[in-house]
Amino acid sequence: MAGPTTAWLRLLLRFALDGLAGQRGRSGLTMLGMAIGTASVVSVVSIGLLGRAYVVSLIEGVGSNLVFAYGTGDGVNPEEVAFDDLDVFRARVPGVRAMAPVLSSTETMSIGSEPEVVNVLGATPEYAPVRNLVTVSGRFPTQAEERSAEKVCVVSRELARRLWGDRPPGSDEWLRVFGLRFHVVGVYREGVESAAAVQKSEAAGLTVIVPFSTFRNLSPVRTVDVVYFQAQSPQAVSGVVDAVREVLKSRHHALSSFKVESLQGYLVLAQRVSDAVTLGLIAIAAVSLLVGGIGIMNIMLVTVTERTRDIGIRLALGAGRRDILLQFLLEAGILSLAGGIAGVVIGAILPWYAGVLYGVDVPVSALSVVVAFGVSLAVGLFFGLVPARKAANMNIVDALGYE
Amino acid sequence: MLTPPSARVASAAAAHAPEVIRLAGVAKTYHRDGVPVAALRSVDLRITRGEFVAIMGRSGSGKSTLLHILGLLDAEYEGRYELAGTCVSGQSADSLAPLRNRLIGFVFQSFHLLPQLSILENAALPALYARDRERDACFAAARTRLVEMGLGDRLEHRPGELSIGQRQRAAIARALVNAPSLLLADEPTGALDSRTAEEILEVLGDLHAAGATLVMVTHDPEVAAVASRLVQIRDGRAHDGVA
């Protein structure tokens, strides 16, 4: 074919735009259908990403790159982590940023007039950052207090509420633990209060935390409840798990008494689940995209029928079937592309605006924008093909209105 | 202005074969509800360059069918058809489109202008679809033809804003824009009042005088009288001579 192709395409584009301009209301509604489909795909992906980020934050909120080891108490000869093990862990487990052993017992306190069982934990100052504990008021015990085994404690927010109501404890509040008076220096809560959903959280509920050394001196408890390790990086986590297992194996009769776990397994599982849910949601959103595409086909079929004479005239004047095919494909393409653009804008702005309203950082996936855009165009062209072929293959004599 | 290559090819071919149209044994059978109806039995027809031929016949005589075949609108027929030296019978629809575009100019009974376009755009359409000229050159050619038709001050008007005579003249300008070898007019005065009809026939006569080859289908003997030759379609065959 002679002539520059771009000029030819521009001409057909012009004809296509003329055609669409001739039926603005109908074109607008068809675009709206496409826009809704595209917008739902984009926003569903955002919702999926948001859900995934939320679940990951729940798990990581327990403590990032966390490894924990504890005796299960099961089996014929149950063993627990011993105090001596801790020094060996420090010496032989590489890639650890911080280690936090936890001692645990219970104490019955009378709160109001009710007797309540309260967890008492003995933990080093590293415990707070490793487990992502947040001070609500006051502070955690310091390294100095740990070294000199001071009788200080922090209490969980739940316990503080039961003891003092909503007001923060004064500077001279005391609690009786191990039969002695402990100075309350702070109130804490868990960074993410869902740790219990992932595993038992010893710091949840009515809990008092005292320095590790103080606990060790005053309590008859001779085993470590659980040891937390914070690995230096996510990649180091599995190395830490292996090294901790090695130490336990070399110092105890059977590794089967112990559990050494990390949150990576939970993370991978949670990500897989949220990905599956997102995929399902996308499939549902894709249905609306499909409906939009069928809308385009429907409108284009009506348009082709209405413009039968127009098409006949163009063919009689020497337009090729390719010219007509392309003109109507362009019309369908413009409808779906314009709908796609509008949909992407709506689908990106709505979640973003909702995020601004609720103070949440809502992710908008660039990939989902590109994919939704591409898919809407493809849907338009696919569903535009049938009407365009109908137009291009018209019998000229009939189309001109003879017979 | 550049002469379109197609026009040059057409005139070169015409120099060798002065016949613009040569039909040999052209036959067409419709199937209506499975019953075959012979529209054309065997048409032999030669039209040479510069002729003004009126094709007449009663309704249902097959003259419309003949027009569709001559105009390359209908490719399904038997027999042989040479147009401007090219054998066009048996060619595919895709290869007929450029031939129709370059060799034939149509003038329809009901004008068939596109209502959403200005008459300048309407007249430029065949040139634009030919795709062998720049856009500007197409519009320049269309403007020249429209000015010749006395529509120089109506270029930007839509067909609906013109009188019916002006509309038919715009359609004639459109038919001429690619300098075709053959002008095909299908009842060109059928939708016009007698005064306007006279005016349009005058335009066609002028084109004939200027050397154009015209074939006009009509059922009106007064209109046919303007032509230089009369062909009657009877019993599916073409007969030369007066009615």
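On a predicted model such as this, the values are computed, not experimentally measured, just so you know.

Any chance you could break down the overall build of chain A for me, citing the residues and the numbers?
Secondary structure assignment for chain A yields 14 helices and twelve strands. Taken over C-alpha atoms, the radius of gyration comes to 34 Å for chain A, far larger than the 22 Å a tight globule of 403 residues would show. Dimensions of chain A, computed from the C-alpha atoms along their principal axes, are close to 110 × 50 × 35 Å. A buried classification covers 41% of the 403 residues belonging to chain A.

Quick one: what's the story with the overall build of chain B, residue by residue and with numbers?
For chain B, the helix and strand inventory stands at eight helices and ten strands. For chain B, whose C-alpha radius of gyration is 18 Å, the value lies close to the compact-globule estimate of 18 Å for 243 residues. Dimensions of chain B, computed from the C-alpha atoms along their principal axes, are close to 50 × 40 × 40 Å. Residues counted as buried form 49% of the 243 residues belonging to chain B. Pairs at least 24 residues apart make up 71% of the contacts formed inside chain B by residues separated by at least 6 positions.

Please give an account of the interface of chain A and chain B that cites residues and values.
Each partner contributes residues to the interface: chain A has 21 residues there, and chain B has 22 residues. Among the elements of the structure, α1 (5-21), α11 (308-316), α12 (321-358) and α14 (396-399) of chain A are those that each provide at least two residues to the side of chain A that touches chain B. Broken down by element, the residue count for the side of chain A that touches chain B peaks at four residues, all from α1 of chain A.

Before we move on, can you summarise the nonpolar core with the specific residues and values?
Within the largest apolar cluster, 125 residues are counted, with the highest numbers of intra-cluster contacts made by Ile-55, Ala-173 and Leu-214 of chain B. Counting residues per element, this core draws most heavily on α12 of chain A, at ten residues. If we ignore the near neighbours within four places in the chain, the residues touching Leu-214 of chain B are Phe-52, Val-53, Leu-183, Ala-185, Leu-204, Leu-207 and His-208 of chain B. Listed in part, the 60 residues of the second largest apolar core include Val-81, Leu-121, Val-130 and Ala-203 of chain A.

Talk me through the pairing of strand β8 (residues 214-217) of chain B; I want residue IDs and the actual numbers.
Residues and elements named next belong to chain B. Neither face of β8 is exposed, since Leu-214 and Met-216 on one face and Val-215 and Val-217 on the opposite face are all buried. Bridge count for strand β3 (residues 52-56) against β8 is four bridges, and the pairing is parallel. The residue bridging Ile-55 from the neighbouring strand is Val-217, located in β8. By the bridge criterion, four bridges tie strand β7 (residues 182-186) to β8 in an arrangement that is parallel. From the neighbouring strand, Asp-186 faces β8, where its bridge partner is Val-217.

If you had to explain the sheet that holds strand β4 (residues 78-83) of chain B to someone new, which residues and values would you point to?
All names here are of chain B. Strand order across the open sheet formed by four strands is β2-β1-β4-β5, with antiparallel pairing between neighbours. Edge strands, defined here as strands with exactly one partner in the open sheet, are β2 (35-48) and β5 (86-87). As paired strands, β4 and β5 are joined by two bridges and run antiparallel to one another. Paired with Leu-83 across the bridge in β5 is Thr-86.

Tell me about the confidence of the model for chain B, and please be specific about residues and values.
All names here are of chain B. Per-residue pLDDT for chain B averages 89, and the proportion of residues at 70 or more is 92%. Across residues 1-15, confidence stays below pLDDT 50; counting only partners more than four residues off in sequence or on other chains, it has 29 contacts. For this predicted complex, the interface score ipTM comes out at 0.90, alongside a pTM of 0.74.

Before we move on, can you summarise unusual backbone geometry with the specific residues and values?
Most peptide bonds take the trans configuration, and most residues that are not glycine carry a negative phi. Of note, Asn-132 of chain A is a non-glycine position whose phi angle comes to about 65°, a positive value. On the secondary structure map, Asn-132 of chain A appears in the loop between α4 (127-130) and β5 (133-138).

Describe the pairing of strand β9 (residues 207-211) of chain A, naming the residues involved and giving the relevant values.
Residue and element names in this part refer to chain A. Of all five residues that make up β9, five are buried, and the element is covered over most of its length. Looking at chain direction, strand β4 (residues 114-123) and β9 are connected through five bridges and run parallel. Considered in β9, the bridge of Ala-123 is made with Pro-211.

Tell me about the sheet that holds β8 of chain B, residues and numbers included.
Residue and element names in this part refer to chain B. Strand order in this open sheet of six strands is β6-β7-β8-β3-β9-β10, and the pairing throughout is mixed. Two strands lie at the open edges of the sheet, namely β6 (104-107) and β10 (237-240), each paired on one side alone. Between one strand and the next, the sheet's axes are offset by a mean angle of 20°, whatever the strand orientation. Of the strand pairs in this sheet, β3 and strand β9 (residues 229-234) are connected by four bridges, and their pairing is parallel. Bridged to Met-56 within β9 is Gln-232.

Give me the domain arrangement of chain A: which residues, what numbers.
Often, the extent of an interface is quoted as the loss of accessible area on bringing the components together. Taken as a whole, chain A is organised into domain 1 (8-58 + 269-399) and domain 2 (66-262). Here domain 1 of chain A and domain 2 of chain A have C-alpha centroids that lie 57 Å from each other.

I'd like a description of the environment of Val-102 of chain A, backed by residues and values.
All names here are of chain A. When you line up the elements, Val-102 lands in strand β3 (residues 96-111). A count of 24 C-beta atoms within 10 Å places Val-102 in the buried class. Between the C-alpha atoms of Val-102 and Thr-223, which are 121 residues apart in sequence, the distance is 9.5 Å.

Explain the packing of helix α6 (residues 164-176) of chain B against helix α7 (residues 194-209) of chain B to me, using residue names and the numbers behind them.
Residue and element names in this part refer to chain B. Following both chains from N to C, one finds α6 and α7 inclined at 20°, their axes separated by 9 Å at the closest point. With respect to each other, α6 and α7 are oriented roughly parallel. Of the two elements, α6 crosses α7, and the hand of that crossing is right-handed. Mapping the contact onto sequence places Ile-164, Gly-165, Gln-168, Arg-169 and Ile-172 in α6 and Thr-196, Glu-199, Ile-200 and Val-203 in α7.

Report on the confidence of the model for chain A, specifying residues and quantitative values.
Summary statistics for chain A give a mean pLDDT of 87 and a share of 97% for residues scoring 70 or more. Mean pLDDT values for the elements of chain A range from 50 in helix α7 (residues 195-198) of chain A up to 95 in α11 of chain A.

Describe in detail the environment of Glu-202 of chain A, supporting the description with residues and values.
All names here are of chain A. Tracing the chain through its elements places Glu-202 in the loop between α7 and β9. For Glu-202, a count of 20 C-beta atoms within 10 Å gives the class buried. Note: C-alpha distance between Glu-202 and Leu-121 (81 residues apart in sequence) is 8.0 Å. What Glu-202 contacts, discounting residues up to four positions off in sequence, is Val-102, Ser-104, Asn-119, Leu-121, Asp-225 and Val-226.

Quick one: what's the story with α7 of chain B, residue by residue and with numbers?
Residues and elements named next belong to chain B. In this model α7 runs 22 Å from its N-terminal to its C-terminal C-alpha over 16 residues, within 8% of the 22 Å that 1.5 Å per residue would give. Looking at α7, one finds that the buried residues are Ala-197, Ile-200, Leu-201, Val-203, Leu-204 and Leu-207. Each buried residue of α7 sits inside an arc of 150° when the element is viewed along its axis, so together they form one side. Along α7, the residues that are exposed and aim more than 90 degrees away from the buried face are Ser-194, Arg-195, Glu-202, Asp-206 and Ala-209. Next to the buried residues of α7 lie α6, β7, β8 and α8 (221-224). Looking one or two residues past α7, Gly-211 carries a phi angle of roughly 110°, positive in sign.

Calculation rules
Residues numbered from 1 in each chain as written. Chains lettered and ligands numbered in written order. Predicted model: local features only at pLDDT ≥ 70, side-chain atom pairs only at ≥ 80, totals over all residues. Helix = DSSP H or I, 4+ residues; strand = E, 2+ residues; numbered from the N terminus. Rg over C-alpha atoms; globule rule 2.2 N^0.38 Å. Buried ≥ 20, exposed ≤ 12 C-beta atoms within 10 Å, placed from the backbone. Contact = placed C-beta atoms within 7 Å. Core = buried A, V, L, I, M, F, W, Y, C linked by C-beta atoms within 7 Å. Pairing = 2+ DSSP bridges. pLDDT = per-residue confidence, 0-100. Axes fitted to C-alpha atoms, helices over the stretch in contact; angles between N-to-C directions. Domains from an automatic or database assignment. Parallel < 35°, antiparallel > 145°, perpendicular 65-115°, else oblique. Left-handed = near helix turned anticlockwise from the far one by under 90°. Expected span 1.5 Å × (residues − 1). Arc of directions from axis to C-beta.

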